[in-house]
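# Examining the three-dimensional arrangement
Next come the chains, spelled out residue by residue.
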Amino acid sequence: MMKRLLKFILFLSALIICMTGCKDSQKGWTIRTTPFKPLLTGRDHTSEGFLAPLEDGRILLLFRVDPGIEGNHVGMNGYIAQIPYDPETDQWGEVKTVYNSHKYDDRNVHGGVTKDGRIVLFFRKYDGENTVARYFMYSDDDGQTWSEPQKSDAWSDPRESNFRGVWSTGQMFYIPEKDQYAMLGCRRYITYSDDGTSWEEYNLITDNQDYKLSEVAGAYCGDNRIIALIRDDQRESGHPLVQVESHDNGHTWTDPVQTNIPPDQHWGCAPQLIYDQKRNLLIALTSDRYSRPNEENSLFIYTARPENVTGQPKNWTLQHELLRPFAREDFKGDRPLNKNLYGYPTIAPISENEYLVVFTERSQMHGTEQADLYYFRLIFE
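Note that this is a predicted model, so its numbers are computed, not measured.

### Overview of the overall build of the chain
Helix and strand content of the chain: 3 helices and 26 strands. Taken over C-alpha atoms, the radius of gyration comes to 19 Å for the chain, in line with the 21 Å a tight globule of 381 residues would show. By principal-axis analysis of the C-alpha atoms, the chain measures approximately 60 × 50 × 45 Å. Buried positions account for 60% of the 381 residues belonging to the chain. Partitioning the intrachain contacts of the chain with sequence separation of at least 6 by distance along the chain shows that 54% fall at a separation of at least 24. A total accessible area of about 15500 Å² is found for the chain, and carbon and sulfur atoms account for 45% of it. Each charge class in the chain can be summarised by its mean position, and for the 41 positive and 55 negative side chains these summaries are 5 Å apart.

### Structural notes on the side chain of E245
For E245, the position within the fold is in strand 18 (residues 242-246). No salt bridge forms around the buried E245; measuring N to O, its nearest opposite-charge neighbour R225 is 7.1 Å away. Side-chain polar atoms of E245 contact the side chain of Q243, separated by 3.0 Å. Here E245 is in contact with I226, I227, T252, W253, T254, V309, T310, G311 and Q312, once residues within four sequence places are set aside.

### Thoughts on the environment of A348
Considering the arrangement of structural elements, one finds A348 in strand 24 (residues 343-351). Classification of A348 as buried rests on a relative accessible area of 1%. Residues contacting A348, with those up to four places away along its chain left out, are L51, P53, Y355 and L356.

### Structural notes on the nonpolar core
Of all hydrophobic cores here, the largest spans 20 residues; its most connected members are I283, F376 and F380. When residues of this core are traced back to their parent elements, those giving at least two are strand 21 (281-287), strand 22 (298-304), strand 25 (354-365) and strand 26 (368-380). If one sorts the elements of this core by residue count, strand 26 sits on top with 4 residues.

### Observations regarding the confidence of the model for the chain
Should pLDDT be low for a region, the predicted coordinates there are not to be read in detail. Looking at the chain, pLDDT values average 92 and 91% of them are 70 or higher. A low-confidence stretch, residues 1-20 (pLDDT under 50), is modelled with 25 contacts involving residues beyond four sequence positions or located in other chains.

### Points about the packing of aromatic side chains
Counting across every chain of the model gives 21 aromatic pairs. Seen in terms of ring centroids, W92 and Y375 are 5.4 Å apart; in terms of plane orientation they differ by 75°. Their pairing is edge-to-face. With W92 in strand 7 (residues 91-92) and Y375 in strand 26, the pair connects residues that are 283 residues apart, well separated along the chain. The exposure class of Y375 is buried, given its relative accessible area of 5%. Ring geometry for F326 versus F331: centroids 4.8 Å apart, planes at 50°, classification tilted. The buried category is assigned to F326, whose relative accessible area is 4%. An aromatic cluster is built from F36, F326, F331, F359, Y374 and F376, whose rings are joined through pairwise contacts. Directly above the aromatic system of Y126 lies the positively charged group of R124, at a separation of 4.5 Å from the ring centroid.

### Description of the sheet that holds strand 16 (residues 213-220)
Within a sheet, adjacent strands bond to each other through the backbone by hydrogen bonds, running parallel or antiparallel. Spatial strand order, 16-17-18-19: 4 strands in an open sheet with antiparallel pairing. Edge strands, defined here as strands with exactly one partner in the open sheet, are strand 16 and strand 19 (257-258). Two elements, strand 18 and strand 19, share 2 bridges in a ladder whose sense is antiparallel. Paired with V242 across the strands is Q258, a residue of strand 19.

### Description of the pairing of strand 24
Pairing geometry for strand 24 and strand 25, over 6 bridges, is antiparallel. Bridge pairing in strand 25 links A348 to L356. Taken together, strand 24 and the strand that follows it, strand 25, pair antiparallel across an intervening segment of 2 residues.

### Concerning the environment of R305
By secondary structure assignment, the location of R305 is in the loop between strand 22 and helix 3 (306-309). Here R305 falls in the buried class, since its relative accessible area comes to 8%. Considering only alpha carbons, one finds R305 and L229, 76 residues apart in sequence, at a separation of 15 Å.

### Considerations on the sheet that holds strand 13 (residues 180-185)
Here 4 strands make up an open sheet; going across it, the order is 12-13-14-15 and the pairing antiparallel. Single-partner strands in this sheet number two, and they are strand 12 (173-175) and strand 15 (201-204). Put simply, the sheet's adjacent strands are angled 35° from each other on average, direction ignored. Pairing of strand 14 (residues 189-193) with strand 15, which is carried by 4 bridges, proceeds in the antiparallel orientation. Across the sheet, Y189 pairs through a bridge with L204, a residue of strand 15.

### Considerations on the side chain of Q171
Residue placement: Q171 occurs in the loop between helix 2 (158-161) and strand 12. In this structure the side chain of Q171 is engaged in a polar contact, spanning 3.4 Å, whose partner is the side chain of Q272. Polar contacts involving the side chain of Q171 include one to the main-chain carbonyl oxygen of I347, which spans 2.7 Å. If we ignore the near neighbours within four places in the chain, the residues touching Q171 are G111, A182, M183, G218, Q272, I274, T346 and I347.

### A word on the environment of Q209
Checked against the element boundaries, Q209 lands in the loop between strand 15 and strand 16. Through-space distance from the C-alpha of Q209 to that of N308 is 26 Å; in sequence the pair is 99 residues apart. At 3.0 Å, the side chain of Q209 forms a polar contact with the backbone oxygen of D207.

Quick notes on the rules
Residues numbered from 1 in each chain as written. Predicted model: local features only at pLDDT ≥ 70, side-chain atom pairs only at ≥ 80, totals over all residues. Heavy atoms only, no water. Helix = DSSP H or I, 4+ residues; strand = E, 2+ residues; numbered from the N terminus. Rg over C-alpha atoms; globule rule 2.2 N^0.38 Å. Buried < 20%, exposed > 50% of the residue type's maximum accessible area, 1.4 Å probe, protein only. Contact = heavy atoms within 4.5 Å. Areas by Shrake-Rupley, 256 points an atom, 1.4 Å probe, with all protein chains shown as cover. Lys, Arg positive; Asp, Glu negative; His and termini not counted. Charge placed at Lys NZ, Arg CZ, Asp CG, Glu CD. Salt bridge = Lys/Arg side-chain N within 4 Å of Asp/Glu carboxyl O. Polar contact = N/O pair within 3.5 Å; in protein donor to acceptor, adjacent residues only side chain to side chain. Core = buried A, V, L, I, M, F, W, Y, C linked by side-chain atoms within 4.5 Å. pLDDT = per-residue confidence, 0-100. Phe/Tyr/Trp six-rings, centres within 6.5 Å; stacked < 30°, edge-to-face > 60°. Lys NZ or Arg CZ within 6 Å of the ring centre and 35° of its normal. Pairing = 2+ DSSP bridges. Axes fitted to C-alpha atoms, helices over the stretch in contact; angles between N-to-C directions.

Next up, the structure:
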């Protein structure tokens, strides 16, 4: 009875925040979020990914699929797929395969879009225990066709480069002063490209050992400055996301310092970060696990003006705490609430005043992890 009451209180609080939004006293805008909607909730394990805005106004989601009820968090049938979204009709299109090695788990799909519309996709091949290699692919026709997986001499082979671990959870971004694109990855590195077709230049972000640094998301935010959020993989309370900064376009970096994301020093999962140039505003997203019960796990939306968090990583403003779908009183479905929230939100602009956000939910069913994709829209009013 007490657990049910707690769930109702959490749901009611999230609903009130969602309906009222959060006002920025300096600029007078309010951020409102629409209710969660299911995107892909069938038998396949569907998870993670990134959003690529297309020139015709649609948005392409690139993500991982492990097909069938046997699909799992890790599996040698995992492959890369795409699905288009039409913001005008609020409709999703047909799922199509982008790449399938038919040998490894093709996973950790992230990337971005160049100014010329080239979609660049990063991923790794995983054998169930180790990273076989990291790759990138690109498309010059809105995802209709793709290049073969491409390698970088600098970071593709983990044995030669000694770059361990997964890719970034963030997005590729453009640096005007360098006239180059950048991607954070390999836990502690930043890599650069002129046009997304070659990635041989890189710099070390940090070799600091005070934190168990893992997945990372960063954004260029003017004046040669990049701000990045990194997961501290010590999976317990007291280990929120940490922040690093570069003031010379990624060549040198500050040491990692703890942020106030998520609130109350909860453990922060995969970070996501995007810069809204019109508002001079950073928008950060993450979710929590481990440090509180599964039924309390939530998505968090934070904002900050770059100058307010530069050197002050605890100055982020919490805009929304959104209770996970499976814990909400209005959830309709057969998914049990028996695992922590997957999370891994990704975000892309729909217009000057609206963003699309996609994230992953999960349960344990039929002996495997069942993962579903959900989405909502974030609106400035």
